[in-house]
Amino acid sequence: MNTISGLKTILSGIFTADKRRVDCLAKILVSIIVTETVNLTRLSCMTFGKACQMSHYRRLQRFFSCFRFDYNRLAKAIFALFNLSKGKHYLILDRTNWQWGKRNINILMLCIAYKKIGIPIFWVMLNKRGNSSTRERIALVNRFIRIFGKAPIAGLLGDREFIGKDWFGYLKRENIVFYFRIKKDADTQNVRGQSVQVGWLFHDAQINVVKPLKGLRRVYGHLLFITGMRLLDGEFL
């Protein structure tokens, strides 16, 4: 119960809801962590007092039908809960896409790297299948900057999906350090200035041995530093 009391204190300073709803939210969060599910039937068995389970279940239903999350406040709550206001942190762009029946669930997420996990901080539901657009990525990063500024950003990380001339141009203009995996067939130059695919420059790379290329190389329309290595399965990173 001390955990719930401490959580209530933090949430009360962030959300403007009345005490009963803040109490319910704190108990829901603790229950989700303990049960590792968001199933209301299972959550209704946890930490909600001596009433019957069905009463707890209806209480959860009422909470979610009435409570409206301010997601900017929720992001601030995450910062407070994990004590992220001090120092710099790496942000991670990621996207997950699956089907629920005939409906596509496609979420673009901006996470904070924290002790080898990614904590979602902002996200957007994409009304489509497939990759995100430059505009959607920029909107997500700008949202973080509006709330927290650039000071907490150590760098932005992402996979090969998150590449492109306009996207990299935005990050360079905003002076945001970024580290993105690129495709091995991306065009760049060798030391003689000849056009080659990036993968060719790492044909002699050893497994799990980092090989940084000397100097800046033009890739996706921008002068960038490129580093790579060969993975155990023969792929390049």
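Scroll up to find the structure this text is about.
This is a predicted model, so every value here is computed, not measured.

K.L.:
Help me understand the packing of aromatic side chains, please; the structure alone is not making it clear to me.
P.N.:
The geometry of an aromatic ring pair is captured by two quantities: the separation of the ring centres and the angle between the planes. Scanning all chains against the criterion turns up 14 aromatic pairs. Their ring planes at 10° and their centres at 3.9 Å tell us that Phe79 and Phe148 sit as a pair that is stacked. You can see Phe79 sitting in helix α5 (residues 71–81) and its partner Phe148 sitting in helix α6 (residues 134–148), a full 69 residues away along the chain. Judged by relative accessible area, Phe79 falls into the buried class, the value being 7%. Taken together, a centroid distance of 5.9 Å and an interplanar angle of 15° make the contact between Trp167 and Tyr170 stacked. Separated by three residues within a single helix, Trp167 and Tyr170 lie in helix α7 (residues 165–173), roughly one turn from each other. Accessibility expressed as a relative area gives 0% for Trp167, which makes it buried.

K.L.:
Teacher, can you tell me more about α5 here?
P.N.:
Since the α-helix advances by 3.6 residues per turn, residues separated by three or four positions end up pointing in the same direction. For α5, the set of buried residues is Ala75, Ala77, Ile78 and Phe79. Elements in contact with the buried residues of α5: β2 (103–114), β3 (117–125) and α6.

K.L.:
Can you walk me through α7 in this structure?
P.N.:
Those residues of α7 that sit buried are Trp167, Phe168, Gly169, Tyr170 and Leu171. Looking at the packing, one finds that the buried side of α7 touches β1 (89–100), α6, β4 (153–158), β5 (178–180) and β10 (222–224). Count one or two residues on from α7 and you reach Asn175, which has phi positive near 55°.

Calculation notes
All residue numbers refer to positions counted from 1 along the written sequence of the respective chain. Whole-chain, interface and lining totals are the exception, using all residues; otherwise, since this is a predicted model, local features are given only for residues with pLDDT of at least 70 and side-chain atom pairs are given and counted only at 80 or more. Water and hydrogen atoms play no part in the side-chain values, which are based on all heavy atoms of the structure. Here a Phe, Tyr or Trp ring, Trp counted by its six-membered ring, pairs with any other such ring whose centre lies within 6.5 Å, and the pair is stacked when the planes are under 30 degrees apart, edge-to-face when over 60, and tilted otherwise. Secondary structure counts use DSSP, requiring at least four H or I residues in a row for a helix and at least two E residues in a row for a strand, with both numbered from the N terminus. For every residue, the accessible area (1.4 Å probe, protein chains only) is compared with the maximum for its type, and the residue is labelled buried under 20%, exposed over 50%, or partly exposed between those bounds. We call two residues contacting when some pair of their heavy atoms lies within 4.5 Å.

On their own, these measurements won't tell you what the molecule is for.
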